[in-house]
Amino acid sequence: MSSPPLSQPTINAAELLTKINHVRTSLQEVIRGKANVIDAVLIAMLAEGSVLLEDVPGVGKTTLAKSLARLIDLEFQRIQCTPDLLPADIIGSSVFRPSSGTFEFRAGPVFSNLLIADEINRASPRTQSALLEAMAESQVTVDGKRYVLKRPFIVIATQNPSGFEGTFPLPESQLDRFLMRLSMDYPDTNSEIELLLEQAASDPASALTPVMTGDELTALQSFVRKVKVDRKAVAYIVEIAAATRTDTRLRVGVSPRGSKMLMRAAQAKAVLLGRDYVLPDDVQSLAPSILSHRVSPRNAIATSEETTLIIVDLLKSIEVPV
């Protein structure tokens, strides 16, 4: 049985939901066998959050972001992070104009709707901090002047977990700026065959055309905050967060901000699926990707996959409300 559609007197919510579902199906045709990752990225966008894609090169991380920018008609910028990348290379800088004798601000790539930061862990901590400050505050300050970023504003950052030489791992406080940490992983055999056949002559992503505007995405984001979350669902979120704070395998548990982000993502998932209310199943399915990078395992050398498994195991011990 289908869920009741969202309602809004001044905006045709049904039309917006149709468009975001068109984006969803179009992405699935370009990124084969990764429907769950595509849904997670769309949920993050609807929740006004950013995504950290942690995986080996060549599995489609950049293709996914570029395809999103084409389908939603977003201004798109990409930066390749390297140790010599400076904060000014991301946020911009003031340039002296001899003709007028004044300084003029030249905006950097952060002044876009969708920013890809490739291999963010190869940028220096100073540069990482500049980008993550923009993500947290939706603004940058240059020479004492504040500049507000565009809306919508989403960052999709990537990092390769298998290469550590010349990298600067993101500390927990900065990982917390990302709504989700995801892994695309390798495609299954059939999906990879289809991918190769489709790209034998051309790239399907290059043929994508906009089906949605940035303003329409912003309108859908406004719906997210209006989605109903009953007390049982909120109590379930708090119980999960509390369990991470007492689990002996974890040194640091989830903060109240992490609980808030889990609730916001659950609201966004409800919107993506055409509901105006959150189900406990929404919370349960999203918790691993939203909470695993917000906790610190006692085992200092634990991988991100191992930390995710701790969250998955912890969820099994908590009764899901009905």
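Rules of the game
- Residues numbered from 1 in each chain as written.
- Predicted model: local features only at pLDDT ≥ 70, side-chain atom pairs only at ≥ 80, totals over all residues.
- Heavy atoms only, no water.
- Helix = DSSP H or I, 4+ residues; strand = E, 2+ residues; numbered from the N terminus.
- Buried < 20%, exposed > 50% of the residue type's maximum accessible area, 1.4 Å probe, protein only.
- Salt bridge = Lys/Arg side-chain N within 4 Å of Asp/Glu carboxyl O.
- Axes fitted to C-alpha atoms, helices over the stretch in contact; angles between N-to-C directions.
- Parallel < 35°, antiparallel > 145°, perpendicular 65-115°, else oblique.
- Left-handed = near helix turned anticlockwise from the far one by under 90°.
- Contact = heavy atoms within 4.5 Å.
- Pairing = 2+ DSSP bridges.

**Q** Before we go on, may I ask you to explain the environment of Thr-248 in this structure?
**A** In this fold, Thr-248 is placed in the loop between helix H9 (231–246) and strand E10 (250–252). The class of Thr-248 is exposed, set by a relative accessible area of 64%.

**Q** What is the right way to look at the pattern of salt bridges in this model?
**A** Pairs can form between side chains of opposite charge once their charged atoms are near each other. On inspection of all chains with the given rule, the structure shows 15 salt bridges. Across the pair Lys-19 and Glu-15 runs a salt bridge whose closest N-O atoms are separated by 3.7 Å. Taken together, the residues Lys-19 and Glu-15, both in helix H1 (residues 13–30) and four residues apart, mark about one turn of the helix. Of the charged contacts, one joins Arg-294 and Asp-176 as a salt bridge, the two residues approaching to 2.6 Å between their closest N and O atoms. Remark: Asp-176 occurs in the loop between helix H6 (172–175) and strand E9 (180–182) and Arg-294 occurs in the loop between helix H11 (280–291) and strand E11 (296–297); sequence separation between them is 118 residues.

**Q** What's the story with the packing of helix H8 (residues 214–224) against helix H10 (residues 256–272) in this structure? I'm lost.
**A** To characterise two packed helices, one gives the angle between the axes of the helices and the distance between these axes. At a closest axis distance of 8 Å, the pairing of H8 and H10 adopts a crossing angle of 120°. Compared by their axis directions, H8 and H10 come out oblique. Both H8 and H10 take part in a crossing whose hand is right-handed. Residues Leu-220, Phe-223 and Val-224 of H8 touch H10, and the partners they reach there are Arg-264, Gln-267, Ala-268 and Val-271.

**Q** Sorry if this is basic, but what is going on with the pairing of strand E5 (residues 114–118) here?
**A** Taken across its five residues, E5 has five buried, putting it largely inside the fold. Residues of E5 alternate between two faces, with Leu-114, Ile-116 and Asp-118 on one and Leu-115 and Ala-117 on the opposite face, all of them buried. In this sheet, E5 lies alongside strand E2 (residues 76–80) in parallel orientation, the contact comprising five bridges. In the strand pairing of E5, Gln-77 is matched with Leu-115. Where E5 meets strand E8 (residues 154–159), four bridges bridge the pair, whose relative direction is parallel. Within the sheet, the bridge partner assigned to Ala-117 lies in E8 and is Ala-157.

**Q** Help me understand the environment of Ser-259, please; the structure alone is not making it clear to me.
**A** Take Ser-259: it is sitting in helix H10. Residues Ser-259 and Leu-53 lie 206 residues apart in sequence; the distance between their C-alpha atoms is 21 Å. Setting aside residues up to four positions removed in sequence, Ser-259 forms contacts with Ile-237, Ala-241, Arg-245 and Val-254.

**Q** How should I be thinking about H8 in this particular structure?
**A** Because the α-helix completes a turn every 3.6 residues, residues three or four places apart line up on one side. Counting buried positions along H8 yields nine of 11 residues, so the element is predominantly enclosed. Listed in full, the buried residues belonging to H8 are Gly-214, Glu-216, Leu-217, Thr-218, Ala-219, Leu-220, Gln-221, Phe-223 and Val-224.

**Q** Please clarify how the pairing of strand E3 (residues 92–97) should be interpreted in this entry.
**A** Of the strand pairs in this sheet, E3 and strand E4 (residues 102–107) are connected by six bridges, and their pairing is antiparallel. Bridging across to E4, Phe-96 finds its partner in Phe-103.

**Q** Honestly, the sheet that holds E9 in this entry has me stumped. Any pointers?
**A** Sheet strands pair by backbone hydrogen bonding; their relative direction is either parallel or antiparallel. Taken in spatial order, the five strands line up as E2-E5-E8-E1-E9 in an open sheet, and their pairing is parallel. Every interior strand has two partners, whereas the edge strands, E2 and E9, have only one. When strand polarity is set aside, the average angle formed by the axes of neighbouring strands in this sheet is 15°. With respect to the sheet, helix H2 (residues 35–46) is in contact with strand E1 (51–54), E8 and E9, its orientation differing from that of E9 by roughly 160°.

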